[in-house]
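The residues making up each chain are set out below.
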Amino acid sequence: MGHLTGYWDFHEEQQWLLYFVHKKERLKVDIDFRFAILCAGFALPLAEINRRSINCPSLHIFGSVPGKDRQIENKTSRELASLFEDGCSVIIEIEHDCGHIIPTWSPYTDEIKGFLQRFL
């Protein structure tokens, strides 16, 4: 697969990323993501993924009001963020009334840009 600068995904499509990042040494897959942005995410149900076991700078975007996103509860997105090592994970909680979306307005886009600036 080779070097990829970063990975940005929404909802369930990100599950393959978590699988490969977690198992890349065992699978002998050459994946080198510099960062991941995970929106409305949830953790894989794999028992071998421990808290703070994934070492990849990450930005987690999800609604902070329980019940606003009817597909993914915010607690499951927090569980996903807890799989990333301390110091590499940045959690942005975005409170909005629009449900299962990626906010495209300030100040949220400013926070996303600030995270991406670290990798330019």
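Please refer to the structure placed before this passage.
Residues numbered from 1 in each chain as written. Predicted model: local features only at pLDDT ≥ 70, side-chain atom pairs only at ≥ 80, totals over all residues. Heavy atoms only, no water.

## Focus: helix H2 (residues 74–81)
One turn of the α-helix equals 3.6 residues, which is why residues spaced by three or four share an orientation. Those residues of H2 not exposed but buried are Asn74, Ser77, Leu80 and Ala81. The buried residues of H2 occupy an angular sector of 110° when projected down its axis, which confines them to one face. (Buried < 20%, exposed > 50% of the residue type's maximum accessible area, 1.4 Å probe, protein only. Helix = DSSP H or I, 4+ residues; strand = E, 2+ residues; numbered from the N terminus. Arc of directions from axis to C-beta.)

## A word on the side chain of serine 58
Within the fold, serine 58 resides in strand E3 (residues 58–62). Side chain to side chain, serine 58 and histidine 60 meet in a polar contact 2.9 Å long. (Polar contact = N/O pair within 3.5 Å; in protein donor to acceptor, adjacent residues only side chain to side chain.)

## A few points about the packing of aromatic side chains
What the rule picks out here adds up to 4 aromatic pairs. Between phenylalanine 35 and phenylalanine 119 the ring centres are 4.7 Å apart and the planes differ by 35°, which places this aromatic pair in the tilted class. Of this pair, phenylalanine 35 sits in strand E2 (residues 31–39) while phenylalanine 119 is found in the segment after helix H3 (108–117), placing the two residues 84 residues apart along the sequence. Joined through ring pairs, the aromatic side chains of Phe35, Phe115 and Phe119 make up one cluster. (Phe/Tyr/Trp six-rings, centres within 6.5 Å; stacked < 30°, edge-to-face > 60°.)

## Observations concerning the nonpolar core
Counting 11 residues, the largest nonpolar core is built from Tyr7, Leu17, Leu18, Phe33, Ala36, Leu38, Ile54, Cys56, Leu80, Leu83 and Phe84. Where this core is concerned, the elements lending two or more residues are helix H1 (15–27) and E2. The element that contributes the greatest number of residues to this core is E2, accounting for 3 residues. Membership of the second largest hydrophobic core comes to 10 residues, among which are Phe35, Ile61, Phe115 and Phe119. (Core = buried A, V, L, I, M, F, W, Y, C linked by side-chain atoms within 4.5 Å.)

## Comments concerning H3
What H3 keeps buried is the set Tyr108, Thr109, Ile112 and Phe115. Buried residues of H3, viewed axially, fall in a sector of 120°; they line one side. Exposed residues lying more than 90 degrees from the buried face of H3 are Lys113 and Gln117.

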